[in-house]
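# Observations on chain architecture
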Amino acid sequence: MKAIKSVFVAALTAVVLMLTSCMGDGNNERSLEGFGVISSLNYTTPVLYYMDYDLPLSGSGLNNYALLSEDKYVYYYFTVDATDENNVDAATRGYYLANIQIIQEFPVVNASGYYGYPGDNTTNSNEISLAGVKIGTYLKESLFLAPIIAEYPNKASLSYNLTFDATQEITTDNTLNNISIYDLYITATMSGDEGTVVKNQEDINAFKLSNGINSIFNTEKAKNKTSVYFRINYVEKISEDGERTWKAHESSSYIQLPVPSSSN
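In this report, the structure presented in the accompanying data block is examined. (Residues numbered from 1 in each chain as written. Predicted model: local features only at pLDDT ≥ 70, side-chain atom pairs only at ≥ 80, totals over all residues. Heavy atoms only, no water.)

### Overview of the nonpolar core
This is how the line gets drawn: In these notes, a set of buried Ala, Val, Leu, Ile, Met, Phe, Trp, Tyr and Cys residues joined through side-chain atoms within 4.5 Å is what counts as a nonpolar core. Between buried and exposed lies partly exposed: a residue is buried under 20% and exposed over 50% of the maximum accessible area for its type, with that area taken using a 1.4 Å probe on protein chains only. Comment: elements are numbered from the N terminus, with helices defined as DSSP H or I runs of at least four residues and strands as E runs of at least two.
In this structure, Leu-162, Ile-186, Val-228 and Phe-230 are the most contacted members of the largest nonpolar core, which totals 30 residues. Mapped onto this core, the elements with two or more residues apiece are β10 (142-153), β11 (157-163), β13 (179-191), α3 (213-222), β16 (227-238) and β18 (255-258). Leu-32, Tyr-65, Val-74 and Phe-78 belong to the second largest nonpolar core, which has 18 residues in total.

### What about the side chain of Thr-137?
Stated precisely, the cut-off is as follows: Should any heavy atoms of two residues lie within 4.5 Å, those residues are considered in contact.
Mapped onto the secondary structure, Thr-137 falls in strand β9 (residues 132-139). In this structure, Thr-137 is in contact with Phe-35, Met-51, Ser-142, Leu-143 and Phe-144, ignoring residues within four places of it in sequence.

### A short note on unusual backbone geometry
Of note, the phi angle at Asn-200 is positive, near 50°, even though the residue is not glycine. By the secondary structure assignment, Asn-200 is in strand β14 (residues 197-202). Since its relative accessible area comes to 54%, Asn-200 is described here as exposed. Despite not being glycine, Asn-224 has its phi angle at roughly 65°, a positive value.

### Remarks on the packing of aromatic side chains
To keep it simple, the criterion reads: Aromatic rings from Phe, Tyr and Trp, taking only the six-membered ring of Trp, are treated as a pair when their centres fall within 6.5 Å; an angle between ring planes under 30 degrees marks them as stacked, one over 60 as edge-to-face, and anything in between as tilted. Criterion for a charge above a ring: Lys NZ or Arg CZ within 6 Å of the ring centre, and within 35 degrees of the ring normal.
Within this structure, the stated rule accounts for 15 aromatic pairs. Connected via pairs of aromatic rings, a cluster forms that spans Phe-35, Tyr-73, Tyr-75, Phe-106 and Phe-144. Sitting over the face of the ring of Tyr-49, Lys-140 holds its NZ or CZ atom 4.3 Å from the ring centroid.

Here it is in structure tokens:
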């Protein structure tokens, strides 16, 4: 099984590798690795959705995911040849056949969307601060994020919540062509204190934004906007009396998403 030294670095370079691999050698096979979503909602077989796909993929590597009742969020590696005889009817079938390896599955967090915001600035039980948050792929109304834990015992249980304030005044930035910026807030809790202490751990989770993302898209579409930015805020410090100190990502780390031509 492929080892992941840093899936975020790998994911960022994977598209370049896909475009450059096999070029000039007469081979139409392409390879890619990154974050994806496995679903069987619209097909009789499980398929893999990946960033910037034209058609999803399927193959024997997804046999363990037959008859899914809910989507699975994963890190994958695949090779596919769109010109192979098995893919001549891919457009009609709705997916390409590929050699797929699922390297890792990730926990799923249902973001509370409009329904919650830590506005009272009072910590929850067992809440911990974060050393940072790394941003991965946005796919199928879900965002792959890696909260960074400064140190924690490796047998402890970590959980997260992602919210935004329904009453927030939307920020606009002239340097970003007056595109709206929505603030997302991530908090973390830890239970248990056994195990070896691990430092600067990147804990990848898939955060489902479907509870509120379409409402935001509809708001921005009504303003004739084609893009929207999201800014991650995380708890950098918790005082002895439990008060949070928030840290916001800089503009270079804003998440830019296109406003779909149609949204629910």
